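Spelled out, the chains give:
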Amino acid sequence: MARCRVVLTFPPDKVRHPVAYHLVKDYGLKINILRARVDLNEEGKLLIEIENHDNASIQNGLQYARDLGVTVELVDRELQWDEDECIHCGSCTAVCRSEALSIGAPDWRLKLDKQKCTACGLCVGACPVKVIRIDF
Amino acid sequence: MSVSRTYEEINEKIKSGKAVVLTADEVVELAEERGISYVAKNVDVVTTATFGAMCSSGAFLNFGHSDPPIKMGKIWLNDVPAYGGIAAVDAYIGATEMSETKPFEYGGAHVIEDLIAGKPIKLRATSYGTDCYPRTEIETYVTKDMLNQAYMFNPRNAYQNYPVAVNTSSRTIYTYLGTLLPRLGNAVYSSAGQLSPLLNDPYYRTIGVGTRIFLGGAAGYVAWEGTQHNPSVERNDKGIPVSGSGTLALIGDLKAMDRRYVRAAVMQRYGVTLYVGVGIPIPVLDEDMAERVCVRDEDIHTSVVDYSVPNRSRPVLGRVTYKDLRSGAIELNGNRIPTVPLSSLSKAREIAEELKGWVQSGQMLLQEPVQQLPREQATKPLEIVDLEEINNG
(Lines give C-alpha, C1' and ligand atoms only; values in the text may rest on other atoms or scores of the structure.)
Protein backbone atom coordinates (compact mmCIF):
# COMPACT_ATOMS: atom_id res chain seq x y z
CA MET A 1 0.00 0.00 0.00
CA ALA A 2 1.44 3.37 -1.05
CA ARG A 3 0.72 6.31 1.16
CA CYS A 4 1.78 9.94 1.41
CA ARG A 5 0.80 13.23 2.95
CA VAL A 6 0.67 16.38 0.87
CA VAL A 7 -0.25 20.00 1.29
CA LEU A 8 -2.24 21.31 -1.65
CA THR A 9 -2.10 25.08 -2.00
CA PHE A 10 -4.85 26.52 -4.17
CA PRO A 11 -4.44 29.91 -5.84
CA PRO A 12 -7.48 32.16 -5.20
CA ASP A 13 -9.03 31.39 -8.60
CA LYS A 14 -8.86 27.64 -8.00
CA VAL A 15 -10.37 27.35 -4.52
CA ARG A 16 -13.78 26.52 -6.03
CA HIS A 17 -12.32 23.62 -7.97
CA PRO A 18 -13.35 20.21 -6.51
CA VAL A 19 -9.87 18.71 -6.65
CA ALA A 20 -10.47 16.19 -3.87
CA TYR A 21 -13.53 14.90 -5.70
CA HIS A 22 -11.50 14.30 -8.86
CA LEU A 23 -8.67 12.60 -6.96
CA VAL A 24 -11.20 10.14 -5.58
CA LYS A 25 -13.41 9.72 -8.63
CA ASP A 26 -10.91 9.80 -11.48
CA TYR A 27 -7.78 8.38 -9.82
CA GLY A 28 -9.35 6.02 -7.30
CA LEU A 29 -7.39 7.50 -4.38
CA LYS A 30 -8.44 7.11 -0.77
CA ILE A 31 -8.23 10.54 0.77
CA ASN A 32 -8.27 11.64 4.37
CA ILE A 33 -8.50 15.39 4.88
CA LEU A 34 -6.41 16.24 7.95
CA ARG A 35 -6.57 20.02 7.83
CA ALA A 36 -8.28 22.49 5.55
CA ARG A 37 -8.32 26.25 5.24
CA VAL A 38 -10.45 27.36 2.36
CA ASP A 39 -11.89 30.85 1.97
CA LEU A 40 -13.46 32.13 -1.20
CA ASN A 41 -11.19 34.44 -3.20
CA GLU A 42 -8.24 33.69 -0.97
CA GLU A 43 -5.45 31.16 -1.20
CA GLY A 44 -6.61 27.81 0.18
CA LYS A 45 -4.65 25.01 1.82
CA LEU A 46 -5.50 21.37 2.23
CA LEU A 47 -3.45 18.83 4.18
CA ILE A 48 -4.45 15.38 2.98
CA GLU A 49 -3.30 11.84 3.41
CA ILE A 50 -3.53 9.79 0.21
CA GLU A 51 -3.60 6.02 0.03
CA ASN A 52 -3.67 3.64 -2.93
CA HIS A 53 -2.38 0.16 -3.65
CA ASP A 54 -0.33 1.56 -6.47
CA ASN A 55 1.96 4.56 -6.26
CA ALA A 56 1.57 5.41 -9.95
CA SER A 57 -2.10 6.36 -9.43
CA ILE A 58 -1.07 8.67 -6.59
CA GLN A 59 1.55 10.32 -8.78
CA ASN A 60 -0.93 10.68 -11.66
CA GLY A 61 -3.47 12.27 -9.33
CA LEU A 62 -0.92 14.72 -7.97
CA GLN A 63 0.18 15.58 -11.51
CA TYR A 64 -3.44 16.36 -12.32
CA ALA A 65 -3.50 18.81 -9.39
CA ARG A 66 -0.24 20.43 -10.48
CA ASP A 67 -1.54 20.83 -14.04
CA LEU A 68 -4.48 22.74 -12.59
CA GLY A 69 -2.10 25.24 -11.00
CA VAL A 70 -2.32 23.76 -7.49
CA THR A 71 1.00 23.63 -5.65
CA VAL A 72 1.75 20.16 -4.30
CA GLU A 73 4.15 19.79 -1.38
CA LEU A 74 4.98 16.40 0.03
CA VAL A 75 4.83 16.49 3.80
CA ASP A 76 7.51 14.47 5.42
CA ARG A 77 7.28 16.34 8.68
CA GLU A 78 7.06 14.00 11.56
CA LEU A 79 6.73 14.56 15.26
CA GLN A 80 9.82 13.66 17.25
CA TRP A 81 9.09 12.91 20.88
CA ASP A 82 11.91 12.25 23.34
CA GLU A 83 10.13 9.78 25.57
CA ASP A 84 13.07 9.38 27.97
CA GLU A 85 13.16 13.12 28.73
CA CYS A 86 9.35 13.45 28.89
CA ILE A 87 7.91 14.11 32.34
CA HIS A 88 4.50 12.73 31.28
CA CYS A 89 2.57 15.72 32.56
CA GLY A 90 0.00 15.59 29.77
CA SER A 91 0.02 19.32 29.02
CA CYS A 92 0.48 18.70 25.28
CA THR A 93 -2.79 16.78 25.11
CA ALA A 94 -4.59 20.08 25.75
CA VAL A 95 -3.93 21.24 22.20
CA CYS A 96 -3.86 17.94 20.32
CA ARG A 97 -7.10 17.99 18.34
CA SER A 98 -6.25 14.85 16.39
CA GLU A 99 -5.91 12.91 19.66
CA ALA A 100 -2.54 11.56 18.54
CA LEU A 101 -1.17 12.46 21.97
CA SER A 102 -3.03 10.97 24.88
CA ILE A 103 -2.54 10.26 28.56
CA GLY A 104 -4.63 8.25 30.98
CA ALA A 105 -5.17 5.22 33.18
CA PRO A 106 -3.68 2.92 34.13
CA ASP A 107 -0.09 4.16 33.84
CA TRP A 108 -0.64 7.88 33.13
CA ARG A 109 2.27 7.94 30.72
CA LEU A 110 2.02 9.94 27.50
CA LYS A 111 1.28 7.99 24.33
CA LEU A 112 1.86 9.10 20.73
CA ASP A 113 -0.06 7.55 17.86
CA LYS A 114 1.88 8.73 14.81
CA GLN A 115 -0.89 7.51 12.50
CA LYS A 116 -3.26 10.09 13.94
CA CYS A 117 -0.73 12.94 14.04
CA THR A 118 -1.28 15.73 11.53
CA ALA A 119 2.04 17.37 12.37
CA CYS A 120 0.19 20.62 13.16
CA GLY A 121 2.92 21.52 15.65
CA LEU A 122 0.70 22.95 18.41
CA CYS A 123 2.15 20.49 20.94
CA VAL A 124 5.67 21.78 20.28
CA GLY A 125 4.78 25.09 21.95
CA ALA A 126 2.55 23.52 24.60
CA CYS A 127 5.19 21.09 25.89
CA PRO A 128 6.63 22.67 29.07
CA VAL A 129 9.89 20.72 28.96
CA LYS A 130 10.45 20.99 25.19
CA VAL A 131 10.76 17.32 24.37
CA ILE A 132 8.58 17.47 21.24
CA ARG A 133 10.01 18.67 17.92
CA ILE A 134 8.91 18.60 14.33
CA ASP A 135 11.62 17.75 11.86
CA PHE A 136 11.47 18.56 8.18
CA MET B 1 -9.42 -1.29 70.49
CA SER B 2 -7.95 1.98 69.49
CA VAL B 3 -4.57 2.00 67.81
CA SER B 4 -1.84 4.49 68.52
CA ARG B 5 1.78 4.76 67.54
CA THR B 6 4.42 7.30 68.43
CA TYR B 7 7.08 8.63 66.09
CA GLU B 8 9.68 6.85 68.22
CA GLU B 9 7.90 3.50 67.84
CA ILE B 10 7.59 3.93 64.11
CA ASN B 11 11.26 4.91 63.79
CA GLU B 12 12.30 1.86 65.83
CA LYS B 13 10.35 -0.35 63.44
CA ILE B 14 11.98 1.40 60.47
CA LYS B 15 15.45 0.86 61.96
CA SER B 16 14.75 -2.82 62.52
CA GLY B 17 13.45 -3.15 58.96
CA LYS B 18 9.97 -4.13 60.17
CA ALA B 19 7.97 -1.03 59.30
CA VAL B 20 5.03 -1.54 56.96
CA VAL B 21 5.22 1.22 54.38
CA LEU B 22 2.71 1.72 51.56
CA THR B 23 2.19 4.45 49.00
CA ALA B 24 -0.98 6.54 49.22
CA ASP B 25 -2.30 4.65 46.18
CA GLU B 26 -1.60 1.24 47.70
CA VAL B 27 -3.22 2.13 51.02
CA VAL B 28 -6.45 3.08 49.22
CA GLU B 29 -6.58 -0.40 47.66
CA LEU B 30 -5.84 -2.02 51.01
CA ALA B 31 -8.58 -0.01 52.71
CA GLU B 32 -11.07 -1.01 50.02
CA GLU B 33 -10.24 -4.69 50.61
CA ARG B 34 -9.79 -4.81 54.37
CA GLY B 35 -11.19 -1.59 55.81
CA ILE B 36 -9.69 1.38 57.61
CA SER B 37 -9.28 -0.34 60.99
CA TYR B 38 -7.08 -2.93 59.33
CA VAL B 39 -4.96 -0.14 57.84
CA ALA B 40 -4.72 1.54 61.25
CA LYS B 41 -3.53 -1.71 62.87
CA ASN B 42 -1.11 -2.84 60.19
CA VAL B 43 0.36 0.13 58.33
CA ASP B 44 3.04 2.35 59.87
CA VAL B 45 3.86 4.86 57.16
CA VAL B 46 2.18 6.04 53.96
CA THR B 47 4.21 7.84 51.31
CA THR B 48 2.61 10.71 49.39
CA ALA B 49 4.02 12.64 46.45
CA THR B 50 3.48 15.23 43.78
CA PHE B 51 5.40 16.38 40.72
CA GLY B 52 4.03 19.67 39.51
CA ALA B 53 4.87 23.12 38.22
CA MET B 54 5.78 25.17 41.29
CA CYS B 55 6.62 28.74 40.32
CA SER B 56 7.48 29.83 43.84
CA SER B 57 10.81 28.00 43.93
CA GLY B 58 14.46 28.95 43.87
CA ALA B 59 17.86 28.39 45.40
CA PHE B 60 20.35 30.16 47.64
CA LEU B 61 23.92 29.95 46.38
CA ASN B 62 27.24 30.99 47.90
CA PHE B 63 30.02 31.48 45.35
CA GLY B 64 33.02 31.94 47.64
CA HIS B 65 35.37 34.91 47.39
CA SER B 66 37.51 35.84 44.38
CA ASP B 67 40.90 37.51 44.67
CA PRO B 68 40.63 40.47 44.90
CA PRO B 69 37.14 40.05 46.35
CA ILE B 70 33.91 41.62 45.08
CA LYS B 71 30.68 42.61 46.82
CA MET B 72 28.41 41.30 44.07
CA GLY B 73 25.54 43.71 43.45
CA LYS B 74 24.00 42.74 40.13
CA ILE B 75 24.40 39.06 39.37
CA TRP B 76 23.62 37.00 36.28
CA LEU B 77 23.75 33.22 35.93
CA ASN B 78 23.72 32.18 32.26
CA ASP B 79 22.30 35.68 31.61
CA VAL B 80 19.46 35.15 34.11
CA PRO B 81 19.40 37.85 36.82
CA ALA B 82 19.86 36.51 40.35
CA TYR B 83 19.19 38.52 43.49
CA GLY B 84 22.44 39.81 44.97
CA GLY B 85 21.23 42.09 47.74
CA ILE B 86 22.43 39.69 50.43
CA ALA B 87 26.04 40.13 51.62
CA ALA B 88 28.92 39.88 49.17
CA VAL B 89 28.79 36.48 47.47
CA ASP B 90 25.37 35.10 48.39
CA ALA B 91 22.61 35.05 45.80
CA TYR B 92 19.08 33.78 45.31
CA ILE B 93 18.14 32.47 41.91
CA GLY B 94 14.37 32.45 41.43
CA ALA B 95 12.76 29.84 39.19
CA THR B 96 10.58 32.24 37.17
CA GLU B 97 13.26 34.85 36.40
CA MET B 98 13.86 34.90 32.66
CA SER B 99 17.09 35.12 30.71
CA GLU B 100 17.87 38.59 29.39
CA THR B 101 19.09 37.06 26.13
CA LYS B 102 16.69 34.11 25.73
CA PRO B 103 13.40 35.07 27.44
CA PHE B 104 10.54 32.54 27.26
CA GLU B 105 13.17 29.92 26.49
CA TYR B 106 15.60 29.89 29.40
CA GLY B 107 15.32 31.10 32.98
CA GLY B 108 16.12 30.59 36.63
CA ALA B 109 14.48 27.16 36.58
CA HIS B 110 16.90 26.10 33.83
CA VAL B 111 19.87 27.41 35.83
CA ILE B 112 18.69 25.27 38.75
CA GLU B 113 18.22 22.18 36.57
CA ASP B 114 21.61 22.73 34.90
CA LEU B 115 23.32 23.15 38.28
CA ILE B 116 21.78 19.89 39.50
CA ALA B 117 22.92 18.19 36.28
CA GLY B 118 26.48 19.30 37.06
CA LYS B 119 26.76 21.66 34.07
CA PRO B 120 28.98 24.75 34.24
CA ILE B 121 27.06 28.01 34.67
CA LYS B 122 28.42 31.39 33.53
CA LEU B 123 28.55 33.75 36.50
CA ARG B 124 28.73 37.47 35.82
CA ALA B 125 28.51 40.15 38.50
CA THR B 126 29.09 43.87 38.87
CA SER B 127 29.64 46.09 41.86
CA TYR B 128 30.56 49.65 42.91
CA GLY B 129 33.74 48.59 44.72
CA THR B 130 34.54 49.25 48.38
CA ASP B 131 37.74 49.42 50.39
CA CYS B 132 37.17 45.87 51.57
CA TYR B 133 35.75 44.60 48.25
CA PRO B 134 37.73 46.46 45.58
CA ARG B 135 36.74 44.40 42.50
CA THR B 136 33.92 45.93 40.41
CA GLU B 137 33.23 43.16 37.94
CA ILE B 138 33.75 39.46 37.52
CA GLU B 139 33.05 36.84 34.88
CA THR B 140 33.70 33.16 35.49
CA TYR B 141 32.10 29.72 35.48
CA VAL B 142 30.80 27.70 38.40
CA THR B 143 29.45 24.19 38.92
CA LYS B 144 27.55 22.97 41.96
CA ASP B 145 30.72 21.30 43.25
CA MET B 146 32.52 24.65 43.18
CA LEU B 147 29.87 26.37 45.29
CA ASN B 148 30.11 26.46 49.07
CA GLN B 149 26.38 26.04 49.56
CA ALA B 150 23.56 25.49 47.12
CA TYR B 151 20.22 24.84 48.74
CA MET B 152 16.79 25.01 47.29
CA PHE B 153 14.41 27.18 49.27
CA ASN B 154 10.93 27.19 47.82
CA PRO B 155 8.58 29.69 49.47
CA ARG B 156 5.39 28.01 48.19
CA ASN B 157 5.19 24.37 47.12
CA ALA B 158 2.85 21.40 47.34
CA TYR B 159 -0.47 23.28 47.20
CA GLN B 160 -3.03 21.30 49.16
CA ASN B 161 -5.51 21.54 46.31
CA TYR B 162 -5.86 23.64 43.20
CA PRO B 163 -8.71 24.91 41.04
CA VAL B 164 -9.48 23.46 37.63
CA ALA B 165 -8.97 26.07 34.93
CA VAL B 166 -11.38 26.58 32.03
CA ASN B 167 -11.92 29.33 29.48
CA THR B 168 -15.41 30.53 28.52
CA SER B 169 -14.16 33.24 26.16
CA SER B 170 -13.96 32.93 22.39
CA ARG B 171 -10.16 33.02 22.19
CA THR B 172 -7.41 30.66 23.30
CA ILE B 173 -5.67 31.91 26.44
CA TYR B 174 -2.18 31.05 27.65
CA THR B 175 -1.76 30.71 31.40
CA TYR B 176 0.57 29.28 34.01
CA LEU B 177 -1.68 26.22 33.79
CA GLY B 178 -0.99 25.87 30.08
CA THR B 179 -3.17 26.46 27.04
CA LEU B 180 -6.88 26.91 27.70
CA LEU B 181 -8.98 26.40 24.60
CA PRO B 182 -11.92 28.75 23.93
CA ARG B 183 -15.57 27.99 24.67
CA LEU B 184 -14.80 25.45 27.42
CA GLY B 185 -12.57 23.48 25.03
CA ASN B 186 -10.62 21.88 27.86
CA ALA B 187 -10.23 21.85 31.62
CA VAL B 188 -6.76 21.80 33.14
CA TYR B 189 -6.14 20.40 36.63
CA SER B 190 -2.91 20.10 38.49
CA SER B 191 -3.12 18.17 41.76
CA ALA B 192 -1.95 14.59 42.27
CA GLY B 193 -5.26 13.99 44.08
CA GLN B 194 -5.23 11.02 46.46
CA LEU B 195 -1.45 10.81 46.20
CA SER B 196 -0.83 14.48 47.06
CA PRO B 197 0.82 15.18 50.46
CA LEU B 198 -1.46 17.75 52.09
CA LEU B 199 -4.62 16.00 50.87
CA ASN B 200 -3.55 13.01 53.01
CA ASP B 201 -3.16 15.16 56.11
CA PRO B 202 -5.80 17.82 55.60
CA TYR B 203 -5.48 19.40 59.07
CA TYR B 204 -1.66 19.28 59.16
CA ARG B 205 -1.35 16.88 62.11
CA THR B 206 1.91 15.32 60.89
CA ILE B 207 3.12 17.77 58.26
CA GLY B 208 4.55 20.84 59.95
CA VAL B 209 7.76 22.80 60.43
CA GLY B 210 10.63 20.32 60.60
CA THR B 211 8.94 17.41 58.80
CA ARG B 212 11.57 15.47 56.87
CA ILE B 213 10.65 15.03 53.22
CA PHE B 214 11.80 14.04 49.73
CA LEU B 215 12.63 17.19 47.75
CA GLY B 216 13.91 16.87 44.22
CA GLY B 217 15.50 13.49 44.87
CA ALA B 218 17.25 14.50 48.10
CA ALA B 219 16.23 14.66 51.74
CA GLY B 220 14.76 18.02 52.69
CA TYR B 221 12.53 19.63 55.27
CA VAL B 222 9.38 21.64 55.65
CA ALA B 223 10.85 25.01 56.61
CA TRP B 224 7.71 27.00 57.33
CA GLU B 225 4.14 27.47 56.22
CA GLY B 226 4.18 28.28 52.52
CA THR B 227 3.34 31.76 51.29
CA GLN B 228 -0.40 32.26 50.75
CA HIS B 229 -1.04 29.36 53.18
CA ASN B 230 -4.80 29.59 53.38
CA PRO B 231 -6.25 26.81 55.56
CA SER B 232 -9.57 28.53 56.29
CA VAL B 233 -11.17 27.91 52.89
CA GLU B 234 -14.36 25.87 52.60
CA ARG B 235 -13.89 22.13 53.21
CA ASN B 236 -16.01 19.14 52.15
CA ASP B 237 -17.43 16.48 54.48
CA LYS B 238 -14.03 14.74 54.59
CA GLY B 239 -12.33 17.93 55.73
CA ILE B 240 -10.73 18.39 52.32
CA PRO B 241 -10.43 22.00 51.12
CA VAL B 242 -12.38 22.49 47.90
CA SER B 243 -9.89 24.90 46.35
CA GLY B 244 -6.31 26.13 46.83
CA SER B 245 -5.52 26.20 50.55
CA GLY B 246 -2.54 24.97 52.58
CA THR B 247 0.99 25.40 51.19
CA LEU B 248 4.51 24.55 52.33
CA ALA B 249 7.86 26.33 52.25
CA LEU B 250 10.47 23.66 51.56
CA ILE B 251 14.22 23.48 51.90
CA GLY B 252 16.72 20.91 50.66
CA ASP B 253 20.27 20.39 49.46
CA LEU B 254 20.40 21.19 45.75
CA LYS B 255 23.79 19.49 45.44
CA ALA B 256 22.23 16.13 46.33
CA MET B 257 19.23 16.50 44.01
CA ASP B 258 18.55 14.59 40.82
CA ARG B 259 17.25 16.29 37.67
CA ARG B 260 14.80 13.42 37.21
CA TYR B 261 12.84 15.15 39.96
CA VAL B 262 13.56 18.83 39.21
CA ARG B 263 12.78 20.01 35.70
CA ALA B 264 12.72 23.45 34.16
CA ALA B 265 9.65 24.29 32.12
CA VAL B 266 8.35 26.99 29.83
CA MET B 267 4.66 27.73 29.78
CA GLN B 268 3.80 29.13 26.38
CA ARG B 269 3.39 32.94 26.44
CA TYR B 270 3.50 32.87 30.25
CA GLY B 271 7.12 32.25 31.11
CA VAL B 272 9.45 29.97 32.98
CA THR B 273 8.57 27.70 35.88
CA LEU B 274 10.00 24.69 37.70
CA TYR B 275 8.57 21.20 38.05
CA VAL B 276 9.45 20.05 41.55
CA GLY B 277 9.14 16.54 42.90
CA VAL B 278 7.97 16.47 46.52
CA GLY B 279 7.34 13.39 48.62
CA ILE B 280 6.19 13.32 52.24
CA PRO B 281 6.02 10.23 54.49
CA ILE B 282 2.99 10.28 56.76
CA PRO B 283 2.94 8.26 59.98
CA VAL B 284 -0.24 6.33 60.68
CA LEU B 285 -0.40 7.47 64.29
CA ASP B 286 -3.96 6.31 64.94
CA GLU B 287 -7.35 5.59 63.36
CA ASP B 288 -7.81 9.26 62.50
CA MET B 289 -4.60 9.36 60.45
CA ALA B 290 -5.47 5.99 58.89
CA GLU B 291 -8.74 7.46 57.69
CA ARG B 292 -6.94 10.54 56.34
CA VAL B 293 -4.38 8.59 54.31
CA CYS B 294 -7.11 6.39 52.83
CA VAL B 295 -8.64 9.40 51.07
CA ARG B 296 -9.64 8.59 47.48
CA ASP B 297 -9.88 10.70 44.34
CA GLU B 298 -13.68 10.53 44.60
CA ASP B 299 -13.53 12.09 48.10
CA ILE B 300 -11.54 15.12 46.91
CA HIS B 301 -13.47 17.99 45.37
CA THR B 302 -12.10 21.03 43.63
CA SER B 303 -13.57 24.12 42.01
CA VAL B 304 -13.83 24.81 38.30
CA VAL B 305 -12.71 28.37 37.69
CA ASP B 306 -13.07 30.57 34.61
CA TYR B 307 -9.58 31.89 33.83
CA SER B 308 -10.83 34.07 30.97
CA VAL B 309 -11.97 36.64 33.53
CA PRO B 310 -8.86 38.74 34.18
CA ASN B 311 -9.77 39.65 37.76
CA ARG B 312 -8.44 38.62 41.16
CA SER B 313 -11.71 36.84 41.93
CA ARG B 314 -12.51 34.62 39.01
CA PRO B 315 -15.97 33.08 38.73
CA VAL B 316 -16.39 29.54 40.06
CA LEU B 317 -18.46 27.56 37.56
CA GLY B 318 -18.82 24.28 39.42
CA ARG B 319 -17.31 21.60 41.58
CA VAL B 320 -15.88 18.23 40.51
CA THR B 321 -13.89 15.38 42.07
CA TYR B 322 -10.48 14.09 41.02
CA LYS B 323 -12.20 10.87 39.99
CA ASP B 324 -14.24 12.93 37.50
CA LEU B 325 -11.09 14.72 36.32
CA ARG B 326 -9.18 11.45 35.90
CA SER B 327 -12.02 10.00 33.78
CA GLY B 328 -10.94 12.17 30.83
CA ALA B 329 -13.88 14.58 30.78
CA ILE B 330 -16.11 16.52 33.16
CA GLU B 331 -19.69 17.66 32.81
CA LEU B 332 -20.38 21.32 33.41
CA ASN B 333 -23.85 22.82 32.83
CA GLY B 334 -24.54 20.23 30.16
CA ASN B 335 -21.16 20.64 28.46
CA ARG B 336 -18.72 17.76 28.20
CA ILE B 337 -15.22 19.18 28.69
CA PRO B 338 -12.08 17.10 28.06
CA THR B 339 -9.72 17.21 31.04
CA VAL B 340 -5.98 17.76 30.84
CA PRO B 341 -3.51 17.10 33.67
CA LEU B 342 -0.64 19.52 34.26
CA SER B 343 1.23 17.76 37.03
CA SER B 344 2.65 14.33 36.28
CA LEU B 345 0.90 11.47 38.04
CA SER B 346 3.38 8.91 36.74
CA LYS B 347 6.28 10.93 38.18
CA ALA B 348 4.41 11.41 41.47
CA ARG B 349 3.93 7.65 41.69
CA GLU B 350 7.63 7.15 40.96
CA ILE B 351 8.49 9.50 43.84
CA ALA B 352 6.05 7.81 46.25
CA GLU B 353 7.70 4.46 45.38
CA GLU B 354 11.22 5.86 45.77
CA LEU B 355 10.36 7.40 49.13
CA LYS B 356 8.76 4.13 50.22
CA GLY B 357 12.12 2.46 49.50
CA TRP B 358 13.94 5.14 51.52
CA VAL B 359 11.73 4.57 54.56
CA GLN B 360 11.71 0.76 54.27
CA SER B 361 15.51 0.68 54.08
CA GLY B 362 15.95 3.09 56.98
CA GLN B 363 17.50 5.75 54.75
CA MET B 364 14.82 8.17 55.95
CA LEU B 365 13.38 8.29 59.46
CA LEU B 366 10.26 10.24 60.31
CA GLN B 367 10.60 13.61 62.02
CA GLU B 368 7.82 14.90 64.23
CA PRO B 369 7.02 18.55 63.44
CA VAL B 370 8.68 20.99 65.82
CA GLN B 371 5.85 23.44 65.18
CA GLN B 372 2.38 23.01 63.71
CA LEU B 373 1.26 24.88 60.62
CA PRO B 374 -1.51 27.43 61.14
CA ARG B 375 -4.95 25.83 60.81
CA GLU B 376 -6.89 29.05 60.73
CA GLN B 377 -5.73 31.95 58.66
CA ALA B 378 -6.91 33.71 55.54
CA THR B 379 -4.90 35.12 52.66
CA LYS B 380 -5.02 38.88 52.31
CA PRO B 381 -5.33 40.60 48.97
CA LEU B 382 -3.14 43.53 47.96
CA GLU B 383 -5.14 46.74 48.11
CA ILE B 384 -4.07 49.91 46.35
CA VAL B 385 -4.22 52.57 49.05
CA ASP B 386 -2.66 55.90 49.88
CA LEU B 387 -0.65 56.54 53.01
CA GLU B 388 -3.47 58.47 54.71
CA GLU B 389 -5.79 55.47 54.66
CA ILE B 390 -3.19 53.46 56.57
CA ASN B 391 -2.35 56.27 59.00
CA ASN B 392 -6.06 56.81 59.72
CA GLY B 393 -6.49 53.06 60.34
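Starting afresh in each chain, residues are numbered from 1 along the sequence in its written order. Chains and ligands are labelled sequentially in the order written, the chains with letters from A and the ligands with numbers from 1. Reporting of local features is limited, given that this is a predicted model, to residues whose pLDDT is at least 70; pairs of side-chain atoms are given and counted only at 80 or more, and all residues count toward the totals for whole chains, interfaces and linings.

Take the domain arrangement of chain A next. Per the domain assignment, the segments making up chain A are domain 1 (2-74) and domain 2 (78-135). Just so you know, the domain bounds were taken from an automatic or database domain assignment. Put simply, the middle of domain 1 of chain A and the middle of domain 2 of chain A, counted by C-alpha atoms, are 28 Å apart.

Joined through C-beta atoms within 7 Å, a set of buried Ala, Val, Leu, Ile, Met, Phe, Trp, Tyr and Cys residues constitutes a nonpolar core. As a rule, residues whose C-beta atom has 12 or fewer other C-beta atoms within 10 Å are exposed, those with 20 or more are buried, and those in between are partly exposed; C-beta atoms are placed from the backbone. Counting residues in each nonpolar core, the largest one holds 131 residues, and the members touching the most others are B:Val27, B:Ile112, B:Val164, B:Val188, B:Leu274, B:Val284 and B:Val293. What counts as a contact here is a pair of residues whose C-beta atoms, placed from the backbone, lie within 7 Å. In this structure B:Val293 touches B:Ala24, B:Val27, B:Val46, B:Asn200, B:Ile282 and B:Val284, once residues within four positions along its chain are discounted. Formed by 14 residues, the second largest nonpolar core is a distinct cluster that contains A:Val6, A:Phe10, A:Ile48 and A:Ile58.

Attention shifts here to the sheet that holds strand S7 (residues 121-126) of chain B. All names here are of chain B. A pair of strands counts as paired when DSSP detects no fewer than two bridges linking them. Segments assigned H or I by DSSP are reported as helices when at least four residues long, segments assigned E as strands when at least two residues long, and all are numbered from the N terminus. Strand order across the open sheet formed by 4 strands is S5-S4-S7-S8, with antiparallel pairing between neighbours. For this open sheet the edge positions go to strand S5 (80-82) and strand S8 (137-142), each flanked by a neighbour on one side alone. Direction aside, neighbouring strands of the sheet carry axes that sit 25° apart on average. As paired strands, strand S4 (residues 74-77) and S5 are joined by 3 bridges and run antiparallel to one another. What sits directly across from tryptophan 76, in S5, is proline 81. Axis definition: a line fit to C-alpha positions, over the contact stretch in the case of helices; interaxial angles, taken between N-to-C directions, run 0 to 180 degrees. In the packing of helix H4 (residues 108-116) onto the sheet, contacts are made with S4, S5 and S7, and the angle to S7 comes to roughly 125°.

Residues and elements named next belong to chain A. Compared with the 20 Å implied by 1.5 Å per residue over 14 residues, the 20 Å span of helix H2 (residues 55-68) between its first and last C-alpha is a close match. Listing the buried residues of H2 in full gives Ile58, Gly61, Leu62 and Ala65. With its buried residues spanning 95° around the axis, H2 presents them on a single face. Exposed positions of H2 whose direction lies more than 90 degrees from the buried face are Ala56, Gln63, Arg66 and Asp67. Structurally, H2 contributes buried residues whose contacts are with strand S1 (2-10), helix H1 (19-25), strand S3 (44-52) and strand S4 (71-74). Following H2 by one or two positions, glycine 69 adopts a phi angle in the positive range, close to 105°. Working rule for helices: expected span equals 1.5 Å times residues minus one. As used here, the arc belongs to the directions running from the helix axis to the C-beta atoms.

What follows covers the domain arrangement of chain B. Residue and element names in this part refer to chain B. Entries for chain B in the domain assignment read domain 1 (7-54 + 153-360) and domain 2 (64-147). Relative placement of domain 1 and domain 2: their C-alpha centres are 33 Å apart. Taken together, the contacts link 14 residues of domain 1 with 15 residues of domain 2. Listed by contribution, the elements that provide at least two residues to the side of domain 1 that touches domain 2 are strand S17 (262-267) and strand S18 (271-283). With 5 residues, the top contributor of residues to the side of domain 1 that touches domain 2 is S17.

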